[in-house]
Amino acid sequence: DQQVKQNSPSLSVQEGRISILNCDYTNSMFDYFLWYKKYPAEGPTFLISISSIKDKNEDGRFTVFLNKSAKHLSLHIVPSQPGDSAVYFCAASLVPDKLIFGTGTRLQVFP
Amino acid sequence: SQTIHQWPATLVQPVGSPLSLECTVEGTSNPNLYWYRQAAGRGLQLLFYSVGIGQISSEVPQNLSASRPQDRQFILSSKKLLLSDSGFYLCAWSVGLAAYNEQFFGPGTRLTVL
């Protein structure tokens, strides 16, 4: 039972344009959401997070939007850069000690 | 500064053989420690987590086990590997709760069971 879903396994975006990565979840009790970025042969690194009491959090080129009624969150990257090419995982927390990760979306930013 | 070590980086093991993956953290005390597995086409699946020495929580019933013999050492083991155990194993740590504090991941171990 996949509680956190990333339905798009891959996304290709031109440099300078906006990248939008989507994530859906099933459990309305999740109270914290996070995005991690992973390069090949490396461990994931934290990118940005949002509490369920907010609907938007912004950090530089990265903005996460949360739509609780739709159980949906998205990560916007503007402008996209070639160095953003990586796999992006969304994660959700029900119990603060644990994160439930999605399946990941591979973003490729081309010149 | 804090660092996390995992070894080996890659491992090829026959079905039925034992497994021991080690993870150590430097530069911090009393971290929360985690073992994840990323199988092909799957997300990061939490296998075990530990909030202290000797305290292990198992998330997924399987033929794997974990131990935390020291504050900054986390070991993933199996007595008999299955083909389905192949995957990319990641150790991670956080100071405090994973939801509110950044998790720092190690470089991972790619395990292939033949």
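Placed above this text is the structure.
Note that the coordinates shown come from a computational prediction; the quantities given were computed from them, not determined experimentally.

Calculation criteria
Residues numbered from 1 in each chain as written. Chains lettered and ligands numbered in written order. Predicted model: local features only at pLDDT ≥ 70, side-chain atom pairs only at ≥ 80, totals over all residues. Heavy atoms only, no water. Helix = DSSP H or I, 4+ residues; strand = E, 2+ residues; numbered from the N terminus. Contact = heavy atoms within 4.5 Å. Polar contact = N/O pair within 3.5 Å; in protein donor to acceptor, adjacent residues only side chain to side chain. Core = buried A, V, L, I, M, F, W, Y, C linked by side-chain atoms within 4.5 Å. Buried < 20%, exposed > 50% of the residue type's maximum accessible area, 1.4 Å probe, protein only. Pairing = 2+ DSSP bridges. Salt bridge = Lys/Arg side-chain N within 4 Å of Asp/Glu carboxyl O. Nonpolar A, V, L, I, M, F, W, Y, C, P; charged D, E, K, R; others polar. Phe/Tyr/Trp six-rings, centres within 6.5 Å; stacked < 30°, edge-to-face > 60°. Disulfide = S-S within 2.5 Å.

Participant: Just to check I follow, could you spell out the environment of A:Lys38 for this structure?
Facilitator: Within the fold, A:Lys38 resides in strand E4 (residues 32–38). Separated by 65 residues in sequence, A:Lys38 and A:Thr103 have C-alpha atoms that sit 12 Å apart. In this structure, A:Lys38 is in contact with A:Gly43, A:Pro44, A:Ala86, A:Val87, A:Phe89, B:Gln38 and B:Phe88, ignoring residues within four places of it in sequence. For A:Lys38, the side chain forms a polar contact with the main-chain oxygen of A:Glu42, separated by 3.2 Å.

Participant: Even after reading the chapter, I still don't get the nonpolar core, so can you show me in this structure?
Facilitator: As a rule of thumb, soluble globular proteins bury nonpolar side chains together. A:Phe33, A:Trp35, A:Leu73, A:Leu75 and A:Tyr88 are the most contacted members of the largest nonpolar core, which totals 23 residues. For this core, the elements supplying multiple residues, two or more each, are strand E3 (19–25), E4, strand E5 (45–51), strand E7 (62–67), strand E8 (72–77), strand E9 (86–93) and strand E11 (105–110) of chain A. Here the element with the most residues in this core is E9(A); it accounts for four residues. Apart from residues no more than four positions distant in its own chain, A:Leu75 is found in contact with A:Ser19, A:Ile20, A:Leu21, A:Trp35, A:Leu47, A:Ile48, A:Phe62, A:Thr63 and A:Tyr88. Core analysis: the next-biggest nonpolar cluster, separate from the first, contains 20 residues, B:Cys23, B:Leu47, B:Leu81 and B:Cys91 among them.

Participant: Before we go on, may I ask you to explain the sheet that holds strand E6 (residues 56–59) of chain A in this structure?
Facilitator: Strands in a sheet are paired, the pairing made by backbone hydrogen bonds, and the direction either parallel or antiparallel. All names here are of chain A. Taken together, five strands build an open sheet; the order of strands is E1-E3-E8-E7-E6 and the sheet is antiparallel. A single partner strand is all that each edge strand has here, and the edge strands are strand E1 (4–5) and E6. In terms of strand pairing, E1 meets E3 through two bridges, oriented antiparallel. If you follow Lys5 over to E3, its bridge partner there is Asp24.

Participant: Please clarify how the interface of chain A and chain B should be interpreted in this entry.
Facilitator: Accessible area lost on assembly of the parts is the figure often given for the size of an interface. Between chain A and chain B, the residue contacts involve 19 residues of the former and 23 residues of the latter. Here chain A is connected to chain B by one salt bridge. The partner of A:Lys98 in a salt bridge is B:Glu59, and the shortest N-O contact between them spans 3.0 Å. At the boundary of chain A with chain B, the tally comes to three residue pairs in polar contact (both at pLDDT 80 or more). No other element matches the four residues that E4(A) contributes to the side of chain A that touches chain B. Class assignment for the residues of the side of chain A that touches chain B results in ten nonpolar, four polar and five charged.

Participant: Help me out: how do you make sense of the pairing of strand E7 (residues 64–70) of chain B in this one?
Facilitator: Where a strand is regular, its side chains alternate between the two sheet faces. All names here are of chain B. Pairing between E7 and strand E8 (residues 73–78): five bridges, direction antiparallel. Bridging across to E8, Gln70 finds its partner in Gln73. Between E7 and E8, which pair antiparallel one after the other, the connecting turn spans two residues.

Participant: Which parts of the structure should I look at to understand the side chain of A:Ser49?
Facilitator: One can find A:Ser49 in strand E5. Setting aside its immediate chain neighbours within four residues, A:Ser49 contacts A:Tyr32, A:Phe33, A:Leu34, A:Asn57 and A:Val64.

Participant: What is the right way to read the packing of aromatic side chains from this model?
Facilitator: Aromatic ring pairs: the centre-centre distance and the angle between the two ring planes describe each pair. Going through the model one piece at a time under the given rule, you end up with 14 aromatic pairs over all chains. Aromatic side chains B:Tyr34 and B:Tyr49 sit 6.2 Å apart centroid to centroid with 20° between the ring planes, which places their arrangement in the stacked category. Here the residue B:Tyr34 occupies a position in strand E4 (residues 32–38), and B:Tyr49 occupies one in strand E5 (residues 44–52), the gap between them amounting to 15 residues. Exposure class is identical for B:Tyr34 and B:Tyr49. Each is buried. Taken together, the aromatic side chains of A:Tyr36, A:Phe46, A:Phe89, A:Phe101, B:Tyr34, B:Tyr36, B:Tyr49 and B:Phe105 make up a single cluster linked through ring pairs.

Participant: Just to check I follow, could you spell out the state of the cysteines for this structure?
Facilitator: In a disulfide, the sulfur atoms of two cysteines are covalently bonded to one another. Residue and element names in this part refer to chain A. One pass over the structure, following the stated rule, counts two disulfides over all chains. Disulfide pairing is shown between Cys23 and Cys90; the S-S distance is 1.9 Å. The disulfide joining Cys23 to Cys90 has a torsion of about 60° about its S-S bond and is therefore right-handed. Placement of Cys23 in strand E3 and of Cys90 in strand E9 is noted, with a sequence separation of 67 residues between them. For Cys23, a relative accessible area of 1% translates into the label buried.

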